[in-house]
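# Coordinate inspection notes
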Amino acid sequence: MKGAELVLQVLQQHGVDTIFGYPGGAIMPIYDALYQSDIKHYLCRHEQGGAFSAIGYARASGKVGVCMATSGPGATNLITSLADAMLDSVAVVAITGQVSQAVMGTDAFQEIDVLGLSLAVTKHSFMVRSVDELAATLHEAFAIAQSGRPGPVLVDIPKDVQLADIDYQAEFNAAQPAAPIYTSLANAAKARSLIAAAQKPMAYIGGGVHMAGAMHQLQQFLAANPMPSVTTLKAMGSVAKDNEYYLGMLGMHGTQAANLAVQQCDLLICLGARFDDRVTGNLQKFAPQAKVIHVDIDPAEINKVRFANVALLGDMKQILPAMTVGTNCADWLAQCAQLKQQYGWRYDHPGERIYAPLMLKQLSERMPDNSVVCCDVGQHQMWVAQHMRFSSPRNHLSSGGLGTMGFGLPAAIGAKLARPQDTVITVSGDGSFMMNVQELATIKRFRLPVKIVIVDNQRLGMVKQWQQLFFNERYSETDLSDNPDFVALAAAFAIPGHCITRKDEVESALEAMFTWPGPYLLHVCIDDKDNVWPLVPPGAANEEMITEAKA
Amino acid sequence: MNHVLNITATNTPAVVERLLQVTRYRGYELAGLQLTPRSDAKSLNITLTVSGDKPIHLLTSQLHKLYDIQQLELAGSELAVLSA
Ligand SMILES: Cc1ncc(C[n+]2csc(CCOP(=O)(O)OP(=O)(O)O)c2C)c(N)n1
Ligand SMILES: [Mg+2]
């Protein structure tokens, strides 16, 4: 067989039945092999979109997402999405065609040094020099993408390697079993004594917990060691909805209860999180009285930005039970419950206009159980995190580390294909939506019943908010009041839609959207003046939040 | 502060670029680099000298994650001697 066919066989050995991509000269042999393959290929309309769909697929399902592109511009179009997968630790395998080795290094047509470009945005990358290495390299790519802290892996395959003949028998068990995770419980006793001694313990939960498959162990840990908890953007949905000491998201746009409590705690138990600057605010002033227990799979995260008094490395599933000792902090729990009560969200917004937090709360209450919500980036993204409830982090796909506008729509395509039985909703902004709007064509082609909610403030709202607060209201290039007619735009892709402007239209509009069997676009117009609160200003400590009343 | 790292790496085409990219990105300066292929040519012995004010573990823990790095040890750290 040809190298190109081998590529597809290896993908199938890894259980891949869905891939996202876009053809071109240097990857034509693989596309030719696809023509008669059982693997279903979804044609994106921009490689960035295809790779975001692979990310959405991976994040919604826990499987590896696979995307493909041709050499040169196809491959460079993948870079942003690979960077997104890198910063959010998403297992993706990207396959790129490369010009033939005979002309490599001559600035051939559509030749670019993709391996060189990949260094900063992948966990690892390969250039395949011979068809004899092809199968082993692809197996390695899958193993690396999923092992330890997951991440994107790129495999660049020259056209001559795709065309070369090879005698290949697919071995049944070529997909190596996942390497065991090295776990050290040596520090577990120290962690237990810190927990037992703490008067104000706090669990700070990141995406690493659910990625380790430790959701169950987490609930047990929180039940056996009662303590308040907060989550990062990536971990929303990690704590059971009925946990009364769960305080919500912490950080720049976190809840007041979460930020105030974290600032007061005397022991911070960081589980699969990395003290990102959007979480900590001013690092020197973050949780100043707290000792830190840091649990992670990646040793490089320990002591990277915050000193850990005790570190435990490895498999979260084993580590959480080993840290159980019980807590004795009734006063603290009561204090945190009181904070939660005192600073609960308010939805009694005056006027007729739609208040996005309330609309999203209504959406959250109306959406079927286990719906997946894919976000874009900006104010609407923070409102989703604040006002919607998720039963699992796999149901809330938001671009965290890279904060990439244009993520939502293509990620929703991937999520829908990964979980066809579940409802998939994109909540996008009027700015972000336009960044990968071409993927409406993908939705049209495959009749994917994705629900699209555009929160339209006619602004690059998040940037506008900063201009208002920190740049003397100089609104440089953030006005989008000449937006296209989004409902008409959807109609051009045979997607029905509806536009609403008043609060009293929300319920029936959501009803119509969910009742419609196919894709649907709901254009929600809001006031351009609405802002996201609370907000920790740059350089401030997390207790110095600005709230709407103060602003 | 100068730090000398003794590294054994798989001899893949991009391995030195990867080392240097991580070194630069994590905020250390290159102060010396030597490499010799081992007798089987499949591995490289690399001596990487870097300077920087940050604790060296911030670099070594990132370099350890490079897939092509087999072994890495900190041979020594010393204040760079100013040449007269
Ligand atoms: C690709 C990309 N470019 C620029 C930015 C910077 N940025 C962050 S939020 C934002 C505004 C987003 O506008 P919109 O999608 O309408 O969301 P809103 O804040 O109005 O809800 C911008 C420009 C980004 N995050 N990503
Ligand atoms: Mg907007």
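Residues numbered from 1 in each chain as written. Chains lettered and ligands numbered in written order. Predicted model: local features only at pLDDT ≥ 70, side-chain atom pairs only at ≥ 80, totals over all residues. Heavy atoms only, no water.

## Some words on the overall build of chain A
When helices and strands are counted, chain A shows 22 helices and 18 strands. A total of about 21,400 Å² of accessible surface is found on chain A, and carbon and sulfur atoms cover 52% of it. In chain A, 41 positive and 52 negative side-chain charges are present, and the distance between their average locations comes to 5 Å. (Helix = DSSP H or I, 4+ residues; strand = E, 2+ residues; numbered from the N terminus. Areas by Shrake-Rupley, 256 points an atom, 1.4 Å probe, with all protein chains shown as cover. Lys, Arg positive; Asp, Glu negative; His and termini not counted. Charge placed at Lys NZ, Arg CZ, Asp CG, Glu CD.)

## Section: the coordination of the magnesium ion (ligand 2)
Residues and elements named next belong to chain A. Note on the magnesium ion (ligand 2): its protein donors are Asp430 (OD), Asn457 (OD1) and Arg459 (O). The metal-donor distances range over 2.0 to 2.2 Å. Donor residues binding the magnesium ion (ligand 2) come from one chain and are separated in sequence as D-x26-N-x1-R. Residue Asp430 is located in helix α18 (residues 430-433), and its partner Asn457 is located in the loop between β16 (450-456) and α20 (461-470); the two are separated by 27 residues in the primary sequence. Given the relative accessible area of 1%, Asp430 is considered buried. (Donors = N, O, S within 2.8 Å, 3.2 Å for Na, K, Ca; no water. Buried < 20%, exposed > 50% of the residue type's maximum accessible area, 1.4 Å probe, protein only.)

## Some details on the site of ligand 1
All names here are of chain A. In the region of ligand 1, 17 residues are neighbours, and Gln379, Gly403, Gly431, Ser432 and Gly461 sit closest. Within the side chain of Ser432, one N or O atom sits 2.7 Å away from an oxygen atom of ligand 1. Within the contact set of ligand 1, an oxygen atom lies 3.0 Å away from a backbone nitrogen or oxygen of Arg459. Coverage of ligand 1 by the protein amounts to 77% of the 580 Å² it exposes when considered alone. At the level of secondary structure, the elements contributing two or more residues to the shell around ligand 1 comprise α16 (379-387), α18 and α20. (Near = heavy atom within 4 Å. Polar contact = N/O pair within 3.5 Å; in protein donor to acceptor, adjacent residues only side chain to side chain.)

## Points about the interface of chain B and chain A
In this complex, chain B contributes 11 residues to the contact, which on the side of chain A involves 15 residues. Interface area for chain B against chain A, summed over the two sides, is near 1,100 Å², with a carbon-plus-sulfur share of 57%. If you sort the residues of chain B by the area they bury against chain A, Arg18, Gln21 and Tyr67 of chain B come out on top, with a joint share of 47%. Our count for the contact surface shared by chain B and chain A stands at 1 salt bridge. Residue Lys65 of chain B pairs with Asp298 of chain A through a salt bridge whose shortest N-O separation is 2.6 Å. When contributions to the side of chain B that touches chain A are tallied by element, the ones reaching two or more residues are α1 (15-25) and α2 (57-64) of chain B. Ranked by residues supplied to the side of chain B that touches chain A, first place goes to α2 of chain B with 4 residues. Tallied by class, the residues present in the side of chain B that touches chain A amount to 3 nonpolar, 4 polar and 4 charged. (Contact = heavy atoms within 4.5 Å. Buried area = accessible area lost by both parts, 1.4 Å probe. Salt bridge = Lys/Arg side-chain N within 4 Å of Asp/Glu carboxyl O. Nonpolar A, V, L, I, M, F, W, Y, C, P; charged D, E, K, R; others polar.)

## What about the pairing of strand β4 (residues 92-98) of chain A?
All names here are of chain A. Extensive coverage of β4 is indicated by the burial of 7 of its 7 residues. The alternating pattern of β4 places Val92, Ala94, Thr96 and Gln98 on one face and Val93, Ile95 and Gly97 on the opposite face, and all of these are buried. In terms of strand pairing, strand β3 (residues 65-69) meets β4 through 5 bridges, oriented parallel. Across the sheet, residue Cys67 finds its bridge partner in β4, namely Ala94. Once you follow β3 into helix α4 (residues 73-87) and on to β4, the crossover reads as right-handed. Alignment of β4 against strand β6 (residues 152-158), held across 7 bridges, turns out to be parallel. The residue of β6 that forms the bridge with Ala94 is Leu154. (Pairing = 2+ DSSP bridges. Right-handed = clockwise from strand over helix to strand, strands pointing away.)

## Overview of the sheet that holds strand β10 (residues 267-271) of chain A
All names here are of chain A. In spatial order, the strands read β9-β8-β7-β10-β11-β12; together these 6 strands make up an open sheet with parallel pairing. Each edge of the sheet is formed by a strand with only one pairing partner; in this case those strands are β9 (246-249) and β12 (310-313). Neighbouring strand axes in the sheet, compared pairwise and without regard to direction, differ in orientation by 15° on average. Where strand β7 (residues 201-205) and β10 come together, 5 bridges link them in parallel fashion. Note that in β10 the partner of Pro201 across the bridge is Leu267. (Axes fitted to C-alpha atoms, helices over the stretch in contact; angles between N-to-C directions.)

## What to know about the domain arrangement of chain A
Residues and elements named next belong to chain A. Looking at the assigned domains, one finds that chain A contains domain 1 (3-163), domain 2 (188-342) and domain 3 (356-525). With 26 residues of domain 1 in contact, the opposing surface of domain 3 contributes 27 residues. Taking both sides of the interface into account, the surface hidden between domain 1 and domain 3 amounts to around 2,100 Å²; carbon and sulfur atoms contribute 63%. Summed over the shared surface of domain 1 and domain 3, the number is 0 salt bridges. Across the contact surface, domain 1 and domain 3 share 12 residue pairs in polar contact (both at pLDDT 80 or more). Among the secondary structure elements, those contributing two or more residues to the side of domain 1 that touches domain 3 are β1 (18-21), β2 (40-43), α3 (47-61) and α4. Top element by residues in the side of domain 1 that touches domain 3 is α3. It accounts for 11 residues. Taken together, the residues that form the side of domain 1 that touches domain 3 break down as 11 nonpolar, 10 polar and 5 charged. (Domains from an automatic or database assignment.)

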